[in-house]
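Here are the chains, one letter per residue:
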Amino acid sequence: MAFQTLLFYLFGTVLLAAATAAVTLRNMVHAALSLILSFFTAAMLWMLLEAEFLSILLVLVYIGAVLVLFLFVVMMVERHTPTVHRRRNYRIVASAVAAVMVAELGMALLAPDFSPAAQPPPAPLEYSNTKALGSVLYTDYALAFEAAAVALLVAIVGAIALTLRVRPDHHRQNPARQSRVRKQDRLRLTDGRSEPPC
Amino acid sequence: MLSLTHFMLLSGALFAIGVAGVFVNRRHALVLLMSLELILLAVNTNLIAASHYLQDIAGQAFALFVLTIAAAEIAIGLAIVVVVFRSRETIDAEDLSEVRG
């Protein structure tokens, strides 16, 4: 138990430090890398909470795909706009809002009549988090699961439609024209003798 | 001994950092998106902690859906940032006020 507590404080410190760095660093690439570190640390915390599937999903899918995409966009945009910076200072407002939120949450969570459940015993060795999650996902939440899939599809189509550029000077394939081509359009038979070039 | 309060306080602090990031960087569209990501991460951590301490897998299923929608949101958000950057060569969120209402 004590080891888990130690891990919790270690990961919690790294998580908060990386999150703070992600929103305050001026260098956007460093900020994006800090965001990746904070997500990775959060995945470790989820592992501590025995949510193994979501933890690995966060590392593989979220860090591996989404945040790397983020990094690409940051590098593409930031190279040309080094002057986007914080012209007005909202730091005091931001700290005040954050402090009030933490204080309120602390008051609610540390109130004497808030008695959360004790730490449950660790799951048995043969327990599979993936299996448990899948068995509710495909039965109780099947409709929500399909809706999430549709949302992802809409996001794919939307992102492509937003960023697709049709340039007039681009050479592109036109499958309709390609399949309409006949032999006599392309092929010319000669009788083997030299003929003047046309 | 770790309790639910530990995890909830941690995710509350993470949420507050995300909200503070929205305030500090309200001109920079990309950092706004990063702050949104942090806020959603805090929410997910909270859900998973509650799911573990109450021994109810539904919290994790919900966290999975939040993760899905967050990924969709970030894809669309980044696409919009790229389009805006292409057309105006800036991603300053306060310069994007064409329609004055």
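Residues numbered from 1 in each chain as written. Chains lettered and ligands numbered in written order. Predicted model: local features only at pLDDT ≥ 70, side-chain atom pairs only at ≥ 80, totals over all residues.

Moving on to helix H3 (residues 52-78) of chain A. In H3(A), a bend of some 40° at A:Tyr62 exceeds every other bend along the element. Taken together, the buried positions of H3(A) are occupied by A:Leu54, A:Ser55, A:Leu57, A:Leu58, A:Tyr62, A:Val66, A:Leu67, A:Phe70, A:Val73, A:Val74 and A:Val77. Against helix H2 (28-48) of chain A together with helix H2 (29-53) and helix H3 (58-88) of chain B lie the buried residues of H3(A). (Bend = angle between axes of the 7 residues up to and from the residue. Helix = DSSP H or I, 4+ residues; strand = E, 2+ residues; numbered from the N terminus. Buried ≥ 20, exposed ≤ 12 C-beta atoms within 10 Å, placed from the backbone. Contact = placed C-beta atoms within 7 Å.)

The next thing to look at is the domain arrangement of chain A. In many analyses, interface size is given as the accessible surface area lost on bringing the parts together. You can read the domains of chain A as domain 1 (7-83) and domain 2 (129-164). Domain 1 of chain A and domain 2 of chain A are separated by 23 Å when their C-alpha centres are compared. (Domains from an automatic or database assignment.)

Each pair of packed helices can be summarised by the angle the axes make with each other and by the distance between the axes. Residues and elements named next belong to chain A. It is at 9 Å that the axes of H2 and H3 come closest, and there the two elements cross at 175°. Considered as vectors, H2 and H3 are oriented roughly antiparallel to each other. In terms of residue class, the contact of H2 with H3 is made up of 21 nonpolar, 1 polar and 2 charged. (Axes fitted to C-alpha atoms, helices over the stretch in contact; angles between N-to-C directions. Parallel < 35°, antiparallel > 145°, perpendicular 65-115°, else oblique. Nonpolar A, V, L, I, M, F, W, Y, C, P; charged D, E, K, R; others polar.)

All names here are of chain A. Relative to the assigned elements, arginine 167 resides in the loop between helix H6 (142-163) and helix H7 (175-180). Judged by local crowding, arginine 167 falls into the exposed class, with 7 C-beta atoms found within 10 Å. Sequence separation of arginine 167 and glycine 64 is 103 residues, and the distance between their C-alpha atoms is 31 Å.

What follows is about H3(B). Taking 1.5 Å as the rise per residue, H3(B) with 31 residues should run 45 Å; its terminal C-alpha atoms sit 45 Å apart, in good agreement. B:Glu89 sits one or two positions beyond H3(B) and adopts a positive phi of about 60°. (Expected span 1.5 Å × (residues − 1).)

So, about the interface of chain B and chain A. In this complex, chain B contributes 64 residues to the contact, which on the side of chain A involves 67 residues. No other element matches the 21 residues that H3(B) contributes to the side of chain B that touches chain A. Partitioned by chemical class, the residues of the side of chain B that touches chain A number 45 nonpolar, 14 polar and 5 charged.

Residues and elements named next belong to chain A. One way to put it is that helix H1 (residues 2-24) packs onto H2 with a least axis distance of 8 Å and a crossing angle of 155°. Classified by the interaxial angle, the pair formed by H1 and H2 is roughly antiparallel. For the crossing formed where H1 meets H2, the hand is left-handed. Between H1 and H2, the contacting residues are Gln4, Leu7, Phe8, Phe11, Val14, Leu15, Ala18, Ala19, Ala21 and Ala22 on the first element and Ala31, Ser34, Leu35, Leu37, Ser38, Thr41, Ala42, Met44, Leu45 and Leu48 on the second. Split into classes, the residues belonging to the contact of H1 with H2 amount to 16 nonpolar, 4 polar and no charged. (Left-handed = near helix turned anticlockwise from the far one by under 90°.)

Let us now look at unusual backbone geometry. For A:Glu50, which is not glycine, the phi dihedral falls at a positive 65°. With respect to the helices and strands, the residue A:Glu50 is situated in the loop between H2 and H3. A:Glu50 sits in the partly exposed class, given 16 other C-beta atoms within 10 Å. Unusually for a residue other than glycine, B:Gln55 sits at a positive phi of about 55°. Turning to its location among the elements, B:Gln55 is positioned in the loop between H2 and H3.

Membership of the largest hydrophobic core comes to 70 residues, with the highest contact counts inside it found for A:Phe39, A:Trp46, B:Leu14, B:Ile17, B:Leu30 and B:Met34. If you list the elements that add at least two residues to this core, you get H1, H2, H3, helix H4 (91-109) and H6 of chain A together with helix H1 (4-24), H2 and H3 of chain B. With 14 residues, the single largest contributor to this core is H2(B). Mapped onto the domain boundaries, this core takes at least three residues apiece from domain 1 (7-83) and domain 2 (129-164) of chain A. Dropping the residues within four chain positions of it, B:Leu14 is found in contact with A:Leu15, A:Leu16, A:Ala19, B:Leu38, B:Leu41, B:Ala42 and B:Thr45. (Core = buried A, V, L, I, M, F, W, Y, C linked by C-beta atoms within 7 Å.)

The next point concerns the environment of A:Asp113. Among the structural elements, A:Asp113 can be located in the loop between H4 and helix H5 (129-137). Counting along the chain gives 72 residues from A:Asp113 to A:Thr41, while the straight-line C-alpha distance between them is 31 Å.

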